[in-house]
Amino acid sequence: MNLQFMTVFLWLFGVLSSTIYSQTPFLFQGEYVSAGTKQHFKIEISDGIHSTSIPVTVFCGVKDGPTLGVTAGIHGYEYPPILAGQQLIKSIDPNLLKGVVILVQIANMASFSKRSPFVNPLDDKNLNRQFPGDTNGSISQKIAAFITNNVIAKSTYFVDMHSGDASEDLLSYAAYYTNDSMSKVSKKAKKMAEALLFKHIVGFDTNGKKYVEKELPSLYCSAEAFKRSIPSVDIECGKLGLSSKSLVFQIEKGMLNLLKHLAMVPGEEETREKKPLFINKRTFQESKFDGIFYPEKQSGDYVEKGTQIGVITDYFGKQLDTIYAKSNGVILLIIGTPPVNKGETIVVIGQVN
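Calculation notes
- Residues numbered from 1 in each chain as written.
- Predicted model: local features only at pLDDT ≥ 70, side-chain atom pairs only at ≥ 80, totals over all residues.
- Heavy atoms only, no water.
- Pairing = 2+ DSSP bridges.
- Helix = DSSP H or I, 4+ residues; strand = E, 2+ residues; numbered from the N terminus.
- Axes fitted to C-alpha atoms, helices over the stretch in contact; angles between N-to-C directions.
- Parallel < 35°, antiparallel > 145°, perpendicular 65-115°, else oblique.
- Left-handed = near helix turned anticlockwise from the far one by under 90°.
- Contact = heavy atoms within 4.5 Å.
- Nonpolar A, V, L, I, M, F, W, Y, C, P; charged D, E, K, R; others polar.
- pLDDT = per-residue confidence, 0-100.

1. Focus: the sheet that holds strand β16 (residues 319-324)
Taken together, four strands build an open sheet; the order of strands is β16-β15-β13-β18 and the sheet is antiparallel. The sheet terminates laterally at β16 and β18 (339-340), the two strands that pair on one side only. Relative to β18, strand β13 (residues 291-295) is paired through two bridges, and the arrangement is antiparallel. From the neighbouring strand, G291 faces β18, where its bridge partner is V340.

Structure below.
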């Protein structure tokens, strides 16, 4: 009788335990993160010449579910996403989580600590042009390879968080990757972008892009995820390398809402009162000269084709060029600091649907 009772008790205990903690421990960098916990990792990267580290936080939920990969600080001068990542350490509760979140806090530590816009000062490479990376390459290529192999490859969904770098006056928006041959993945990504609660959503059309067919490297972090049929979105929130509590909160709020959308945490998904504005086509305009740019518009301004956007002068004040909008739409990005270089993008205009 006692044996039967003990057998029943152990069976019930096993059922209850599997119900409460059905998530198996998550293996990351040779260590198991237990269900209902979070663990911080400091990943050391070296190319034999330069060394760096990547802080990563892994949240392992109490129930099995998808894995969400998140990167911040691919460009270390883009501060709002990095600070939002710091907030997410506190606001993601693994005891309420279903599945796993892998959060790369600062991918490009040298860029962050040295206040270096756009590039990693250790090898002068733009990390967001190095994917999928190279385990035998330079330090930036090794960082990209680590993220590709240990974050992207493990993800069910993926988010890359950015803002306007030092010279970029940028309109905040969410973006998603889309391709006609990957309709299911594209639709999931679009819904993810909507869940981030931004007013503007940009569609990154990859039709005709050879990297999708695996003929060329993806170059971009989130493009590498999409190439692997992982629904992928970008956040662009903030400008000119500046940060504020409101921008950090906007990113954190959007990410927590995304977790609800993915059914990774309890609660009803929030939706915007007004439908977001979708942008599927963008016009990029480049400078024909080196010199000084004087903008007459700013991000968020709506312009018509032919609207004067600014002028470029040489270093003695002689006007070299007048920049006119080549399409109707909203200014997504415009150079917000005086220096301008030949071939550099001056303005990006999004055509609102």
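2. Here we look at the packing of helix α2 (residues 79-91) against helix α7 (residues 245-261)
What describes two packed helices is the angle between their axes and the distance between those same axes. Between α2 and α7, the shortest axis-to-axis distance is 8 Å and the interhelical angle comes to 50 degrees. When the axes of α2 and α7 are compared, the pair comes out oblique. As α2 packs across α7, the resulting crossing turns out to be right-handed. In this structure, α2 uses P80, P81, L83, A84, Q87, L88 and S91 to contact α7, whose residues at the interface are L247, V248, I251, E252, M255 and L256. Taken together, the residues of the contact of α2 with α7 break down into ten nonpolar, two polar and one charged.

3. A closer look at the confidence of the model for the protein chain
Reading predicted coordinates in detail is not appropriate for stretches of low pLDDT. Put simply, the protein chain has an average pLDDT of 94, and 94% of its residues get 70 or more. A low-confidence stretch, residues 6-19 (pLDDT under 50), is modelled with two contacts involving residues beyond four sequence positions or located in other chains.

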